[in-house]
Amino acid sequence: MTSCLHTIQDYGLRSLGIGERLLPREGFTLCEQVTLIGSGMIWNIYFGVLALLAGFFLATALALGKNAHSRWLRKPAEWFIFLFRGSPLFIQFFFAYFLFLSLKSVHPFFAPFTAAWAGALVVLFLNTAAYSAEIFYGALQSIPKGDIQAADALGMSGWSRFRRITWPTMLRLAWPAYTNEAIFLFHATTLVFFSGFPAWQQRGDALYYASYFADKTFNPFIPYPILAGFFILCTLGIIALFGLINRRLNRHLPQEARQKMRLRFNLIR
Amino acid sequence: MFSFCADPATLDRLPWFACYLTTGVHMSFYVAFAKVVVLLLITAPVALAFGFLGAMAARAHFLPVSLLGKTYITIVRGVPDIAFFLFFVIALDQGVEWLRHKVLCSDWDQPVRQGSDFVVCAQAKLPLNSAAQWVHETYGFALAIITFSIVFGAFAANVIFGAMRAVPHTQLETGAAYGMSRHQIFRRILIPQMWVYALPGLSNLWMVLIKATPLLFLLGIEDIVYWARELGGTKSGRFTSYPHGDWRMWYFLVLLVFYLCFTRVSEILLERIMQRLTRGQATAGGEAQRKAGLL
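Sequence order sets the numbering: in each chain, residues are counted from 1 along the sequence as written. Naming scheme: in the order in which they are written, chains are lettered from A and ligands are numbered from 1. pLDDT decides what is reported in this predicted model: residues at 70 or higher carry local features, side-chain atom pairs at 80 or more are listed and counted, and totals for whole chains, interfaces and linings draw on all residues regardless. Side-chain calculation: all heavy atoms of the structure are included, whereas hydrogens and water are not.

Named according to an unreviewed UniProt entry, chain B is ABC transporter permease subunit originating from Pontibaca salina. UniProt positions are given in the numbering used here, feature names are shortened, and annotations may be inferred rather than shown by experiment. Turning to chain B, the UniProt record has this under Sequence similarities (unreviewed entry): "Belongs to the binding-protein-dependent transport system permease family."

As recorded in an unreviewed UniProt entry, chain A goes by ABC transporter permease subunit and comes from Pontibaca salina. Per UniProt, chain A carries the Sequence similarities (unreviewed entry) text "Belongs to the binding-protein-dependent transport system permease family. HisMQ subfamily."

The structure is reproduced here in structure tokens:
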């Protein structure tokens, strides 16, 4: 038990470069595997949370753009969404990494983007923005006509109509699908260190460490189930948090009209 | 490839590219595109079959079978993506070797797992150490196909399970009223009608499957991602007659465009199939077609 505490001290923040420098090399204990894989989860959470937060705003803008009458707003938004939803995230990561490498030689400003913490975050941000924009666009299309007419009758228009009627209704309708998107995004963060972005000084994410153990021990039956356990915990956390927001978005509705969260898991983007 | 390619250093830009893009390694790159298509063409029907079996198991009246089907669907769907790919390839490989080891070398007294090693007798190795290179490659590719099929089969099972439940129950009751057996109802009424409900989910799955193909790279197959990295990297004049800088960005741009075209074409084709399947169905789409006078 004390040795396990010691291991946690050594490796608990290893993915950030704090603690023991060398990874365990042989005689791996269960405690070491759980601690290191858990430490890698810090990166998954970092990528997931930041990409989701930033992507939310871009997604709203893109959805409004796709819904706009003006060709000049609509076409770019449609193309952006098609570009990121039509191609594999894995290839996007590779392309972005090599793009940033080329740009780095042009201007040193792009140097941080060749590291995962910034470069992969940008890709994930744009990717989730495209997927969420499609969800929000669908929700915008299905806002009840009566809501908009009621706003018009009350003399609301422009910003105040958007702020008070369109946007909250859009969020309310899109929320269950958006919860799924958040879960997929979390799963997608595991691709980062397998797609060109180097894990500098072996500071990787959870899957990076899980595959490290699987490679070293030739035994996939321990690290991958640990990883799965961590991810299931994370997924449950997301569901709980988004469920709370869903409750708040629907709080004005009568009990039986409230939208139930229906969770459908998807695999790869 | 071409006769003027003998000394690339002297060529103009256009013939240089004509020669560069037809070298032997580039041919392997183009073959890798075919590998992706082959993988899709084999995986899609196999995964559909897995999905069908899974859905039928989940619907079964015999509890253990139904639990087995439901567990298959939930486990694969609940756990993150590529972890499954990485896990299954090793697990399947070791599973098969372990079984062969038990059968072929029953007199072997050492444990299979020795510390960090997985040791089976030489005859149990698959493919055998003496086998030709192409056998090893085919074996790896087959493992990849099985892995893809297992994972996507669970997703397909989920879609088909839902579609089977979406077929209006009255239709099945009508079948029963005509004196059909359970088997006949399943084959003549449920199956033909469920496709229209399953298709949106299955076409979504096809898109996801297309976008999952680059993960072949993680399974150790020499696929398009592998070749794009290999060919794009900086080449100095010492080792090749076609020296160039770091072109990996352009190679991956080609892959990006390839995938975008592939998904766009699939979208259009699936839309057509949906139109065809909707004809005469008791759904909103079918009703719209009837009103438009398409029937």
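On we go from here.
A. Examining a nonpolar patch on the surface more closely. Candidates for patches are residues over 30% relative accessible area with no salt bridge; among them, like charges are joined within 9 Å and nonpolar side chains (Val, Leu, Ile, Met, Phe, Trp, Tyr) within 5 Å. Accessibility throughout is a Shrake-Rupley quantity obtained with a 1.4 Å probe, and a residue counts as covered only by protein chains that appear here. What counts as a salt bridge is simple: a side-chain nitrogen of Lys or Arg found within 4 Å of a carboxyl oxygen of Asp or Glu. A contiguous nonpolar patch, built from L30(A), V34(A), F221(A) and I222(A) and spanning about 330 Å² of accessible area, is present on the exposed surface. Its relative accessible area of 41% is what places F221(A) among the partly exposed residues. Burial status follows relative accessibility: with a 1.4 Å probe on protein chains alone, a residue under 20% of its type maximum counts as buried, one over 50% as exposed, and anything between as partly exposed.

B. Layout of the state of the cysteines. Residue and element names in this part refer to chain A. Cysteine sulfur atoms are paired as a disulfide whenever they come within 2.5 Å of each other. All chains considered together, the criterion is met by one disulfide over all chains. In this model, C4 is linked to C31 through a disulfide, with the two sulfur atoms separated by 2.1 Å. Its torsion about the S-S bond being 85°, the disulfide of C4 and C31 is classed as right-handed. Remark: C31 occurs in helix α2 (residues 30-67) and C4 occurs in helix α1 (residues 2-11); sequence separation between them is 27 residues. C234 takes part in no disulfide bond, and the closest cysteine sulfur, belonging to C31, lies 20 Å away. The numbering of helices and of strands both runs from the N terminus, where a helix is a DSSP run of H or I of at least 4 residues and a strand a run of E of at least 2.

C. Main features of the layout of surface pockets. By volume, the second largest pocket is sized at about 680 Å³. Cavities and pockets are defined on a 1 Å grid built over the protein atoms alone: a cavity is a set of grid points where a 1.4 Å probe fits but cannot escape, while a pocket is an open set with protein on both sides within 12 Å along at least five of seven lines, and lining residues are those with an atom within 4 Å of any such point. If you trace the second largest pocket, you find 27 residues lining it, with D215(A), F218(A), V89(B), I90(B) and D93(B) closest to the centre. Of all elements in the fold, only α8 (206-217) of chain A together with α4 (81-104) and α5 (133-166) of chain B reach the threshold of two or more residues within the lining of the second largest pocket. Top contributing element to the lining of the second largest pocket by residue count: α4(B), with seven residues. Each residue receives one of three labels: charged for Asp, Glu, Lys and Arg, nonpolar for Ala, Val, Leu, Ile, Met, Phe, Trp, Tyr, Cys and Pro, and polar for the others, Gly being one of them. Each residue belonging to the lining of the second largest pocket can be placed in one class, and the counts come to 17 nonpolar, five polar and five charged. Grid points are joined across faces, edges and corners, and a volume is the space filled by probe spheres set on the points.

D. A look at the pattern of salt bridges. Applying the stated criterion to the full structure yields seven salt bridges over all chains. When the shortest N-O distance is used, the salt bridge between R248(B) and D246(B) registers 2.9 Å. By relative accessible area, which is 32% here, D246(B) ends up partly exposed. Several salt bridges share partner residues, and in doing so they unite K66(A), R85(A) and E134(A) into one network.

E. How the structure looks around the UniProt feature "transmembrane region" (unreviewed entry) in chain A. In this numbering, the UniProt entry assigns the feature "transmembrane region" (unreviewed entry) to residues 45-65, 77-100, 106-126, 182-201 and 221-245 of chain A. Annotation note: span residues 77-100 of chain A, helix share 92%, strand share 0%, distance between end C-alpha atoms 23 Å.

F. Local environment of the interface of chain A and chain B. On the side of chain B, 41 residues touch chain A, which itself brings 43 residues to the contact. Summed over both partners, the accessible area lost on bringing two parts together, with a 1.4 Å probe, is the buried area. Across the interface of chain A and chain B, roughly 3,900 Å² is buried in total on both sides, 75% from carbon and sulfur atoms. Where chain A touches chain B, the interface holds zero salt bridges. Of all elements in the fold, only α3 (71-86), α4 (89-106), α7 (158-188), α8 and α9 (223-249) of chain A reach the threshold of two or more residues within the side of chain A that touches chain B. With nine residues, α4(A) is the single largest residue contributor to the side of chain A that touches chain B. The class makeup of the residues in the side of chain A that touches chain B is 28 nonpolar, 11 polar and four charged. Two residues form a contact once any of their heavy atoms are found within 4.5 Å.

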